[in-house]
Amino acid sequence: MKAINTLADAVDSTQWDTVEELWLEALELRPLPVDELLGIGESIGDGGKKGLRRTLLELLSEQLESNKNWSGAICALRDLVAATPKPSPELIKRLENALIQSRSGSPSLRQIVDTYQLANARKPHQLLESMERLIDFDIGTVVEVRGQGVGRVVDLNLQLENVKVDVGGRRPISVPFGAISNYLTRLSEGHFLRRKVETPDELAKQVKETPSDALRDLLTSIGGDVEVQRIKAALKGIVTPQAWTSWWAKARKHPCIVSSGSGSRLRYRAVESEESATRSLLEEYDSVSDRERLAIAKRIAAQNSEATDHAAERLVDSLAVLESEDPGLAWETSAFLLTRQATEAQARESQDRLVLDHPPLLLLGGIEDRLQRAAALKLIREELPDEWTGAWAQWLLSEPQSSNLNMIAAELDKHDSDALDGSLEVVFRNHTAHPAQFVWSCEAIIEDSAAAALKKRMTPSLLELIPDVLTKREFSAMRSRGKTMLEGGKVAIRIILEEASPQQATRFGARIARIDSVDPKRQSLVAQAVDQAQGATERPSKPLLVASRDAITARQKELKNLLDVEIPKTLKGINAAAAEGDLRENFEYHMLRDRQELQSARAAKLQRELGEVRVLEPGAADASSVNIGTIVHFETTPETDLQPVTILGIWDADVENRIFANESEFAQRMLGLEVGSELEIDNTSARVVRIEAWPGE
């Protein structure tokens, strides 16, 4: 590249008499440095030598055209056209030819060239950029649609000025030409996301068998710092939500994957080597907060022992300041240092000082790690033998983790039950101020090992508080745990059946029935328990209307099609038929009127049912007995092969595949049966041997 450097120096020093000669020498280079020459040409134009620039670009263009380097030729000709005040028809024709040659594999190339016609453009070089942008997203191109996923372009419509992308499983997404740059990203050959479309089986195998390599490839393809949600979205359809935690724990261990930030700002990126990863972490180490520095030290420890020693030394130096300014972080820092032989003694001394010099609640309140809070509680017990029960009882009101709450309650029950009772009284008296502690109490209260101070609070008055877990914002992070309280054998059902009066049970059941977030299966369980508490023996006369999300979506689409398409179309036909005159003999008019009445009735029924239907979530059914959303397996005589049956809502029923609606006579006979129950089915004696939750499609 010496010739290029010499040419650039001549331009910088305005030695114009030698530039053309040096340019000709550069044209002899192989491979031809097109980008460098175009950049130098621009500098020549900026230096006021516009005519010289055009001459040199002409020489470059001719050379590229003769070499059939069409990708380079189109760049040189574009610059030449832009630099020429009135480009000749011949020059425009050469530009068009370079475009055709360089994009010869594009399905819509000829249509685009004929439609936009460079020869008639006021600024051909700008029109060329628009044409190339369309060709970049021609039919067959694999793209990522922002927020929608990855798919192929299936249509490029020059009349409507849009492209359509098929991302699978839905109607193709239409993107106007003007929005292409904002919403579509063209994926290069080998890009991780492109492989989802082109080689999905091969990609799925890599993701399953070598998680860390797959994650490295994904991060490399995307580039830069990538948040976890972006990674999850890229793996949608490959890694299931159930498998995510296990997969992620394996994937992020790759030595060439580094992270930065913390919490919601945590990002991941791929680097070239393990040494690069360690160097990157060390560079970040001195520019972050104390807590982030501890996180980096832990990541370094998993990669490089020598660098870990350096990080540990820095953490030891910070301990004295942390002990006074942030005792909780000082404890977690010393816990990390305990794992290093060189710093173990200093770490133990630090933890002893933290327990003796700081109020227990201040220390515990600053420790974010659950296991380290448990360790601190134990050391407080050892170092403060006369004070620990009071400290533990106070901390019970703030501890968010159930495992630690179990430990606190068990130990206080043995050594100071009054202190435990006092803390539980505070929790139950003001449950919204202590949401984690209240939910834990409701879960632990039914255990045989529960403390007496907890068990005595399993009274009907608790039914007045449980619905708050499902409705009040203080419990928003615990909704799913709150719903499990309504399952068979859990606290709500136990109290209804064992403690509550019929009036108390009825009031609780009515409150639960009004909470939309409670699924039909759990509402049904509560209703059955209430019926039992009232002595009722009959089932409700109106079966529950439940359905899978897919079935509900299908009904919603049907309703939308009726309201937006079919009914307006029929009304338009009625108006057209009515305009033809005498309605008494107008067969088409009466036919359309009948159709419109049927369509309106169907739409009204759908609207009513969609307002009543409850979502049946896969895997959520109580499989202790036959319920809506369960699959029932049978045992019969060896000569009979009796296939399992599934109980779902009427919208999901498929008798040919042995899926029965919950309101059918057969399902009504099945509901409530348990493993071991015997019955007559398909003219055969059978016994229920297994009940499992319906997993979905």
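Below is a short write-up of the structure. (Residues numbered from 1 in each chain as written. Predicted model: local features only at pLDDT ≥ 70, side-chain atom pairs only at ≥ 80, totals over all residues. Heavy atoms only, no water.)

Attention now goes to the overall build of the protein. Within the protein, the secondary structure is distributed over 34 helices and 15 strands. Taking 697 residues into account, the globule formula puts the C-alpha radius of gyration at 26 Å, and the protein, at 36 Å, lies well above it. Seen along its three principal axes, the alpha-carbon backbone of the protein occupies a region of about 105 × 100 × 55 Å. Each of the 697 residues in the protein was classed as buried or not, and the buried ones make up 45%. Nonlocal contacts in the protein, meaning residues at least 24 apart in sequence, comprise 57% of its contacts between residues at least 6 apart. Accessible area of the protein: about 36,600 Å², with a carbon and sulfur share of 47%. On the protein, the mean spot of the 86 positive side-chain charges and the mean spot of the 109 negative ones are 4 Å from each other. (Helix = DSSP H or I, 4+ residues; strand = E, 2+ residues; numbered from the N terminus. Rg over C-alpha atoms; globule rule 2.2 N^0.38 Å. Buried < 20%, exposed > 50% of the residue type's maximum accessible area, 1.4 Å probe, protein only. Contact = heavy atoms within 4.5 Å. Areas by Shrake-Rupley, 256 points an atom, 1.4 Å probe, with all protein chains shown as cover. Lys, Arg positive; Asp, Glu negative; His and termini not counted. Charge placed at Lys NZ, Arg CZ, Asp CG, Glu CD.)

Together, Glu349, Asp352, Glu382 and Glu383 make up a negatively charged patch on the protein surface. As for its position among the elements, Asp352 is in helix H19 (residues 344-357). Relative accessible area serves as the criterion here: at 30%, Asp352 is assigned to the partly exposed category. (Patch = residues over 30% accessible without salt bridge, like charges linked within 9 Å, V, L, I, M, F, W, Y side chains within 5 Å. Salt bridge = Lys/Arg side-chain N within 4 Å of Asp/Glu carboxyl O.)

Tallied over the entire structure, the rule returns 40 salt bridges. Residue Arg267 pairs with Glu227 through a salt bridge whose shortest N-O separation is 3.9 Å. Taken together, the residues span a long stretch of sequence, with Arg267 in strand E8 (residues 267-270) and Glu227 in strand E6 (residues 226-227) at a distance of 40 residues. Residue Glu443 pairs with Arg481 through a salt bridge whose shortest N-O separation is 2.8 Å. Here Glu443 is found in helix H25 (residues 435-444), whereas its partner Arg481 is found in helix H28 (residues 479-484), with 38 residues between them in sequence. Taking the relative accessible area as the measure of exposure, Glu443 reaches 26% and is therefore partly exposed.

Relative to each other, helix H6 (residues 89-102) and helix H7 (residues 109-116) sit at 160°, their axes nearing to 10 Å. Relative to H7, H6 is oriented roughly antiparallel. Crossing handedness for the pair H6 and H7: right-handed. For the pair H6 and H7, the contacting residues are Glu96, Leu99 and Ile100 in the first and Leu109, Arg110 and Val113 in the second. Taken together, the residues of the contact of H6 with H7 sort by class into 4 nonpolar, no polar and 2 charged. (Axes fitted to C-alpha atoms, helices over the stretch in contact; angles between N-to-C directions. Parallel < 35°, antiparallel > 145°, perpendicular 65-115°, else oblique. Left-handed = near helix turned anticlockwise from the far one by under 90°. Nonpolar A, V, L, I, M, F, W, Y, C, P; charged D, E, K, R; others polar.)

With that settled, the discussion passes to the sheet that holds E8. If you trace the 3 strands from one edge of the open sheet to the other, you get E6-E8-E7, paired in antiparallel fashion. The open sheet has two edge strands, E6 and strand E7 (257-260), and neither has a second partner. Two strands pair when backbone bridges link them, and E6 and E8 are joined in this way by 2 bridges, in the antiparallel orientation. Among the inter-strand pairings, Val226 is bridged to a residue of E8, identified as Tyr268. Of the strands in this sheet, E6, E7 and E8 touch helix H12 (residues 211-222), which is tilted by about 95° from E8. (Pairing = 2+ DSSP bridges.)

Taking strand neighbours across the sheet as the criterion, the 5 strands line up as E4-E3-E2-E1-E5 in an open arrangement whose pairing is antiparallel. Looking at the sheet topology across the chains shown, the edges are occupied by strand E4 (173-176) and strand E5 (184-186). Strand after strand, the sheet turns through a mean of 40° between neighbouring axes, direction not considered. Bridge count for strand E1 (residues 142-145) against E5 is 3 bridges, and the pairing is antiparallel. Considered in E5, the bridge of Val145 is made with Leu184.

Further remarks concern the side chain of Gln523. Counting through the fold element by element, Gln523 comes out in helix H31 (residues 520-534). Each residue touching Gln523, except ones within four places of it in the same chain, is listed here: Ile512, Ala513, Ile515, Val518 and Arg614.

Turning our eyes to something else, we now look at unusual backbone geometry. Following Arg30, the chain continues into Pro31 via a peptide bond in cis, with omega recorded as 0°. The backbone of Lys68 sits at a positive phi, close to 55°, despite the residue not being glycine. Mapped onto the elements, Lys68 comes out in the loop between helix H4 (50-66) and helix H5 (70-83).

Bringing the nonpolar core into the picture now. If you look at the biggest cluster of nonpolar residues, it comprises 77 residues, and the most contacted ones within it are Phe438, Leu462, Val491 and Phe508. If we ignore the near neighbours within four places in the chain, the residues touching Val491 are Cys442, Ile445, Ile446, Leu462, Ile466 and Met485. (Core = buried A, V, L, I, M, F, W, Y, C linked by side-chain atoms within 4.5 Å.)

Attention shifts here to the pairing of strand E3 (residues 162-166). Where strand E2 (residues 149-157) meets E3, 5 bridges bridge the pair, whose relative direction is antiparallel. Within E3, the position partnered with Val153 by the bridge is Val165. Between E2 and the antiparallel strand that follows it, E3, lie 4 residues; Glu161 among them carries a positive phi value of about 55°. Summarising the sheet, E3 and E4 pair through 4 bridges and their orientation is antiparallel. Bridged to Lys164 within E4 is Ser174. What sits between E3 and E4 in their antiparallel hairpin is a turn of 6 residues, with Gly168 showing a positive phi close to 85°.

Turning our attention to the packing of aromatic side chains. As enumerated under the stated definition, the model contains 7 aromatic pairs in all. Their ring planes at 85° and their centres at 5.0 Å tell us that Trp248 and Tyr268 sit as a pair that is edge-to-face. Of this pair, Trp248 sits in helix H14 (residues 244-251) while Tyr268 is found in strand E8, placing the two residues 20 residues apart along the sequence. Residue Trp248 shares its accessibility class with Tyr268, and that shared class is buried. Their ring planes at 80° and their centres at 4.8 Å tell us that Trp388 and Trp392 sit as a pair that is edge-to-face. With Trp388 and Trp392 both in helix H22 (residues 388-396) and 4 residues apart, this pair spans about one turn of that helix. By way of ring pairs, the aromatic residues Trp244, Trp247, Trp248 and Tyr268 are connected into one cluster. Sitting over the face of the ring of Tyr183, Arg146 holds its NZ or CZ atom 4.4 Å from the ring centroid. (Phe/Tyr/Trp six-rings, centres within 6.5 Å; stacked < 30°, edge-to-face > 60°. Lys NZ or Arg CZ within 6 Å of the ring centre and 35° of its normal.)

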